[in-house]
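Letter by letter, the chains look like this.
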Amino acid sequence: MGIDIDRALSAAPARRTLAWNRRDVLLYHLSLGAGRDADADPELRYTFERDLRVLPTFAMVAGQGVSSGDGGVPAMSLPGIDIDLRRVLHAGQALTVHRPLPVAGEATVSSRVTHVWDKGKAALIVLEGAASAPSGEALWTTETQIWARGEGGFGGEPGPDATWSAPERPPDHVLESRTTPGQALLYRLNGDLNPLHADPEFAKAAGFERPILHGLASYGIVAKAVVDGVLDGDTDRLRSVGARFAGSLHPGQTIRTSVWRDGNTLTLSATCPERGDAPVLTHAVAHVA
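Here's what I pulled together on the structure shown here.

Calculation rules
- Residues numbered from 1 in each chain as written.
- Predicted model: local features only at pLDDT ≥ 70, side-chain atom pairs only at ≥ 80, totals over all residues.
- Heavy atoms only, no water.
- Helix = DSSP H or I, 4+ residues; strand = E, 2+ residues; numbered from the N terminus.
- Rg over C-alpha atoms; globule rule 2.2 N^0.38 Å.
- Buried < 20%, exposed > 50% of the residue type's maximum accessible area, 1.4 Å probe, protein only.
- Contact = heavy atoms within 4.5 Å.
- Areas by Shrake-Rupley, 256 points an atom, 1.4 Å probe, with all protein chains shown as cover.
- Lys, Arg positive; Asp, Glu negative; His and termini not counted.
- Charge placed at Lys NZ, Arg CZ, Asp CG, Glu CD.
- Salt bridge = Lys/Arg side-chain N within 4 Å of Asp/Glu carboxyl O.
- Expected span 1.5 Å × (residues − 1).

**Some remarks on the overall build of the chain**
- When you go through the chain residue by residue, the secondary structure sums to six helices and twelve strands.
- The C-alpha atoms of the chain give 18 Å as radius of gyration, which agrees with the globular expectation for 289 residues (19 Å, within 12%).
- Summarising its shape, the C-alpha atoms of the chain cover approximately 55 × 45 × 40 Å along the three principal directions.
- For the chain, buried positions account for 47% of its 289 residues.
- A separation threshold of at least 6 residues defines the contact pool for the chain, and within that pool the share at least 24 residues apart is 73%.
- Roughly 13,500 Å² of accessible area belongs to the chain as shown, and the carbon and sulfur atoms make up 49% of that amount.
- Within the chain, one finds 28 positive and 34 negative side-chain charges whose respective centroids are separated by 1 Å.

Here's what the structure looks like:
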């Protein structure tokens, strides 16, 4: 097991087709907490098929949810990459959507490893992806960063400087999103069945006190908070969002998102107030219309 860097970087792009329907979209929104306070606000734009809107971050799970069957999608299936799931963490994610996502659709996704950075005690694998509709129209592009513990120290380049700090002024918005104790169990039905998010024994073997929430769940929760709290609930106005996953979050804890606005660029910082505002997402930037 391990990483064959030459093979990973030289491999031809992998292509797969995927499809989704409104049930996948509804499940995704519910797994982010949509409609939780149904008496006060059922959030029908997220939770009911009439006039259903699609959060752009749904692209990260499209084709992996309930309509894909029981198998889910392997957490790591790349040429030259063979890593124990207990040694892998999702380190960062960036997404750009090129058009509003349809409630139901099909896409072809092309993906490839573009970098394997040497971080000493770990390797940072960078995976780029691009999705297009059957018509050839671009739907979205992604950059995924995978932290592989124990795979560094091979003498490679360390990669770009990761220094980051929030703006030195009060945020324009502070948004709070409370998660629920069972939220990871619901979110994993979107397709990421990594036992780290469900099995206490597996989580302890991986160095965690108990199962943690998916990084992409935190990422989606922050995106939803921005759409609702800054963009008047208009999902089409969120064009891109990128972030580093800086710390784990246990289901039931809160995500506090601070937003600094500079025109159409939003700088974001997500923390956990129950842990003294420990960082959850850093290096976070969104572009909006």
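Moving on from the model shown.
**A closer look at the pattern of salt bridges**
- Applying the stated criterion across every chain yields a total of eleven salt bridges.
- For Asp228, the salt bridge is made with Arg45, and the minimal N-O distance between the two is 3.0 Å. With Asp228 in helix α6 (residues 215-230) and Arg45 in helix α3 (residues 44-47), this residue pair connects regions lying 183 residues apart in the sequence.
- Between Glu176 and Arg256 there is a salt bridge, with the nearest N and O atoms lying 2.6 Å from each other.

**Comments concerning the environment of Val259**
- You can see Val259 is positioned in strand β10 (residues 254-262).
- Each C-alpha atom of the pair Val259 and Pro13 lies 36 Å from the other, and the pair is 246 residues apart in sequence.
- Every residue in contact with Val259, bar those within four places of it in the chain, is listed here: Pro171, Asp172, His173, Leu175, Val230, Leu266, Thr267 and Leu268.

**Section: α6**
- In this model, α6 (16 residues) spans 22 Å end to end at C-alpha, consistent with the 22 Å of a helix rising 1.5 Å per residue.
- Along α6, 13 of the 16 residues are buried, which leaves the element largely enclosed by surrounding structure.
- In the segment just after α6, Asp232 is the residue with positive phi, at about 55 degrees.

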